[in-house]
Amino acid sequence: MDDDRMTNEENYAFDVAGYLVLKGVLKPAEVDALNTVLDDAKETSGMLAWPEGRREPFRDLLVHPLLVWYLNQVCGVGFRLEHLPRLLTNADSADTPFGEPLTGGDEPRDQSRAYFHQNQVRQCQFVRAIWALEDVGPDDGGLFVVPCTHKENVETPEDLRNGIDDMGLVKQVVLEKGDLLILSDTVLRGFRPWTGQGKMRLLDYGFAARGVIHSTGTGEMVDSDPYPEWKRELSEEGRAATYVPGYAHATPPPTILGDGTSNRVADHRDLYHPGIYKLDPGNIDLKEFYFWDLNGYLVIRNIMSRDDIELANEAIDRFSDRIVVGDELSRGSKSLAGTGRPLLGALMELPKPYCEPFRRMVGHPAITHRLTWMGGSGFRCGGPTAFLSVKGSTGHALHDSNEPLNPSRSYVFKNGRSYCEAVTIAWQLRDVDEDDGGFACVPGSHKAQYPIPPGVRSCDDHMDLVAHPTFKAGDVLFFMDGALTHGALAWQSDVGRRGILIKYSARNFNRSGGDMCHPENRWGPEIEGMTDEQLSIMRGPDRDNRRGNVPRLDIVDGEVRVNYDRAGGLYSTATPDGPVAKDR
Ligand SMILES: [Fe+2]
């Protein structure tokens, strides 16, 4: 089990149908132990926080070696518990043919639950692990699925969702005591009346990939307010666009509505994600959408007012003593080499009036309008940073791509909608001409299926694939940060670069760590006395960047062990790098 991978048969079955049944994972004695506690408890949830002596068998299942081995391959290393365990019993079974409407399906797509697969790597973002504690026969009722719906392209018909017509698609899940069902959360499913001889007893755990954002935990910090005082002075739209994920007040995130020239925060938190197949006249410019899908970036001209351009430039001149010369970023390239890149951060915290043009950027209607169709409502950003290269400043070797695929920074087009999880915006405070340098990218690389060639990365042998858009002061560049291969050319002009970069993330993923990564902030009594292995999957949405940047579980000689190795760039600083369990 240490090095082996799932068989082709298992991979094929999960890929095609969306689930796998693993036979006899629990021994009869383990099933009996769970049933004995459940018989006494007469409760169907809260197991992880039950008193010592009762909670252990449920905590052990969190890190069952075989489950961990499969989840590492199905969900990706660094997976986390997202939904606390609950027992599904006869009482959850319906009286009516289907009971509640079916849940699941992949249209419209939800990136934070979705099934991703590319070049032999699968990253299913939300997976249910359902343990059978009693047998479920072929005609017993209870849990059923509609296979293959994790990849459906057409919205579930109302009659199927509401149980009026099963269309001959519904399939009973047959299980024996001790079996484990591993189910993609987007598989359409529901409950039929239980008609079996025995009891229905299914123990259901929900696991999410490391960076996925869904629900809050039960910890005290969840209800706190992490906003610094100055953020309260932002416009309502600006505050809505700078929320910190993981807290109750931002779960689900705010919805900003607008048409590109004005915007407002909605009085609801429903997802709003328009697409081009349901034409919303005046809402999406089809030429913009075409350019975006084709190239992976978009330039909108002349958004910023002359007054704001002037004031923003004056702010940079006035606070130039705060400029920090950053790293040389050419990474061995001959053509991009130069001196360190000058940066100026904390622009929204400058004294008034100098902070104001930067504060107006984050929730600007021309920005929020496009972000809404690029990745759906509920996006957020960090603070703006000024990129202030001077003549001779380094370029930035090209980086990021669609291959290898990284769901939290991916681009998917489905049924007329753009699903882009990470968008960076660069406001231009000065003109950028052909020979000046600055932002460069490989148009179309957000759909690449092969890795970036070294010559393109360095731009030393760019094969005429690299584009260098030009700008006028007041223009704004949007690009797919993470999906599009991008970087910068060395700065050649006597007049310095003045680009203000703001990184936006869609509602579905975290890519910057934060307090809510810590199990003790996210959860309450559920984690008291847990082992390091158990704690590692009680983290909140963590920095999702590369495989080796969060604590993850390995199987060593059949045992589960936490691996804290900082392999891969940009390790989350808000996540433990060694054991954290208190003495039991
Ligand atoms: Fe970048």
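Here the structure is a predicted model, which is why all the values come from computation and not from measurement. (Residues numbered from 1 in each chain as written. Predicted model: local features only at pLDDT ≥ 70, side-chain atom pairs only at ≥ 80, totals over all residues. Heavy atoms only, no water.)

## As for the environment of glycine 438
Point 1. Tracing the sequence through the fold places glycine 438 in strand S22 (residues 438-441).
Point 2. Residues glycine 438 and histidine 468, spaced 30 residues apart in sequence, show a C-alpha to C-alpha distance of 7.7 Å.
Point 3. Setting aside anything within four residues of it in sequence, one finds glycine 438 in contact with His468, Gly487, Ala488, Leu489, Ala490, Trp491 and Arg497. (Helix = DSSP H or I, 4+ residues; strand = E, 2+ residues; numbered from the N terminus. Contact = heavy atoms within 4.5 Å.)

## Quick word on the sheet that holds strand S7 (residues 171-172)
In any sheet, the strands associate via hydrogen bonds between backbone groups, in a parallel or an antiparallel arrangement.
Point 1. Strand order in the open sheet formed by three strands is S7-S6-S9, and the pairing between neighbours is antiparallel. Two strands close off the open sheet at either side, each with one partner strand: S7 and strand S9 (188-192).
Point 2. Pairing analysis gives five bridges linking strand S6 (residues 142-146) to S9, with the strands arranged antiparallel. Following the sheet pairing, phenylalanine 144 is matched in S9 by glycine 190. (Pairing = 2+ DSSP bridges.)

## Comments concerning the coordination of the iron ion
Point 1. In the first shell of the iron ion, the protein supplies His399 (NE2) and His486 (NE2), at 2.1 to 2.2 Å from the metal. Of this pair, histidine 399 sits in strand S18 (residues 396-399) while histidine 486 sits in strand S24 (residues 486-489); the two residues are 87 residues apart in sequence, bridging distant segments of the chain. There is no split in this pair, since histidine 399 and histidine 486 are both buried. (Donors = N, O, S within 2.8 Å, 3.2 Å for Na, K, Ca; no water. Buried < 20%, exposed > 50% of the residue type's maximum accessible area, 1.4 Å probe, protein only.)

## As for the domain arrangement of the protein chain
Point 1. Taken as a whole, the protein chain is organised into domain 1 (8-209), domain 2 (218-225 + 509-584) and domain 3 (252-505).
Point 2. The straight-line distance from the C-alpha centre of domain 1 to that of domain 3 is 40 Å.
Point 3. Each partner contributes residues to the interface: domain 1 has 13 residues there, and domain 3 has 13 residues.
Point 4. Surface buried jointly by domain 1 and domain 3 totals about 1200 Å² across both partners, of which 45% is contributed by carbon and sulfur atoms.
Point 5. Sorting the residues of domain 1 by area buried against domain 3 places Arg109, Gln111 and Gln118 first, and these three jointly supply 47% of that buried surface. (Domains from an automatic or database assignment. Buried area = accessible area lost by both parts, 1.4 Å probe.)

## Observations regarding the environment of leucine 465
Point 1. Relative to the elements of secondary structure, leucine 465 occurs in the loop between helix H11 (454-458) and strand S23 (476-480).
Point 2. Residue classification places leucine 465 among the partly exposed residues on the basis of a relative accessible area of 42%.
Point 3. The spatial distance from the C-alpha of leucine 465 to the C-alpha of cysteine 441 is 8.4 Å, given a sequence separation of 24 residues.
Point 4. Those residues in contact with leucine 465 that lie beyond four places of it in its chain are Cys441, Val442, Pro443 and Val456.

## Looking at the nonpolar core
Point 1. By size, the foremost hydrophobic cluster in this structure holds 65 residues, and its most contacted members are Trp292, Phe358, Ile425, Trp427, Phe478, Ile500 and Tyr504.
Point 2. Beyond its immediate sequence surroundings of up to four residues, tryptophan 427 is in contact with Ile303, Met304, Met361, His364, Ile367, Asp475, Val476, Arg498, Gly499, Ile500 and Ile502.
Point 3. In this structure, Phe14, Leu38, Ala129 and Val562 belong to the second largest nonpolar core, which totals 55 residues. (Core = buried A, V, L, I, M, F, W, Y, C linked by side-chain atoms within 4.5 Å.)

## What about the pattern of salt bridges?
Point 1. If you walk through the whole model with that rule in mind, you get 34 salt bridges.
Point 2. Across the pair arginine 522 and glutamate 82 runs a salt bridge, and its minimum N-O distance is 3.3 Å. Taken together, the positions of arginine 522 in helix H12 (residues 519-522) and glutamate 82 in strand S2 (residues 80-89) put the pair 440 residues apart, joining distant regions of the chain.
Point 3. Owing to a relative accessible area of 0%, arginine 522 belongs among the buried residues under this scheme.
Point 4. A relative accessible area of 2% means that glutamate 82 is categorised as buried.
Point 5. Between lysine 414 and aspartate 106 there is a salt bridge; the shortest N-O distance is 3.1 Å. Here lysine 414, found in strand S19 (residues 411-414), pairs with aspartate 106, found in the loop between S2 and strand S3 (115-118); they are 308 residues apart in sequence, far enough to count as distant.
Point 6. The class of lysine 414 is buried, set by a relative accessible area of 9%.
Point 7. Within this structure, Arg86, Asp110, Arg113, Arg128, Asp185, Arg189 and Asp204 form a network of salt bridges that share partners. (Salt bridge = Lys/Arg side-chain N within 4 Å of Asp/Glu carboxyl O.)

## Observations regarding unusual backbone geometry
Point 1. Here glutamate 107 and proline 108 are connected by a cis peptide whose omega angle stands at -5°.
Point 2. Inspection of the secondary structure assignment puts proline 108 in the loop between S2 and S3.
Point 3. In this structure, the amide linkage connecting glutamate 403 to the following residue, proline 404, adopts the cis form with an omega of 5°.
Point 4. The topology assignment puts proline 404 in the loop between S18 and S19.
Point 5. A positive phi angle, close to 55°, is found at asparagine 302, a residue other than glycine.
Point 6. Tracing the backbone through its elements, the reader meets asparagine 302 in the loop between strand S13 (297-300) and helix H8 (306-318).

## Let's talk about the packing of aromatic side chains
Between two aromatic rings, the relevant description is the distance of the centres plus the angle of the planes.
Point 1. Applying the stated rule across the entire model yields 13 aromatic pairs.
Point 2. Consider the rings of phenylalanine 291 and tyrosine 297, whose centres lie 5.4 Å apart with planes at 90°: the pair is edge-to-face.
Point 3. Look at phenylalanine 291 and you get partly exposed, because its relative accessible area is 33%.
Point 4. An angle of 70° between the planes, with centres 5.6 Å apart, marks the rings of phenylalanine 319 and tyrosine 354 as edge-to-face. (Phe/Tyr/Trp six-rings, centres within 6.5 Å; stacked < 30°, edge-to-face > 60°.)

## Description of the sheet that holds S18
Point 1. Spatial strand order, S18-S24-S22: three strands in an open sheet with antiparallel pairing. If you trace the sheet from one side to the other, it starts and ends with S18 and S22, each paired once. Between one strand axis and the next, the sheet turns by 35° as a mean value, whatever way the strands run.
Point 2. Looking at chain direction, S22 and S24 are connected through four bridges and run antiparallel. Among the inter-strand pairings, cysteine 441 is bridged to a residue of S24, identified as histidine 486. (Axes fitted to C-alpha atoms, helices over the stretch in contact; angles between N-to-C directions.)

## Details of helix H4 (residues 65-74)
Point 1. Burial analysis of H4 places eight of its ten residues in the buried class, which makes it a mostly covered element.
Point 2. Regarding H4, the residues found buried are Leu67, Val68, Trp69, Tyr70, Leu71, Asn72, Gln73 and Val74.
Point 3. Looking one or two residues past H4, glycine 76 carries a phi angle of roughly 105°, positive in sign.

## A closer look at empty space enclosed by the protein
Point 1. A complete count under the given rule lists five cavities of 30 Å³ or more for this structure.
Point 2. Reported here for the largest cavity is a volume of approximately 70 Å³.
Point 3. Lining the largest cavity are Ile256, Leu257, Gly258, Asn263, Tyr272, Pro274, Asn283, Ile284, Thr368, His369, Thr372 and Trp373.
Point 4. Of all the secondary structure elements, the ones that give two or more residues to the lining of the largest cavity are strand S11 (256-258) and helix H10 (365-375).
Point 5. Per-element accounting of the lining of the largest cavity gives the leading share, four residues, to H10.
Point 6. Classifying every residue of the lining of the largest cavity gives six nonpolar, six polar and no charged. (1 Å grid on protein atoms, 1.4 Å probe; cavity = no way out; pocket = protein on both sides within 12 Å on 5 of 7 lines; lining within 4 Å. Points joined across faces, edges and corners; volume = space filled by probe spheres on them. Nonpolar A, V, L, I, M, F, W, Y, C, P; charged D, E, K, R; others polar.)

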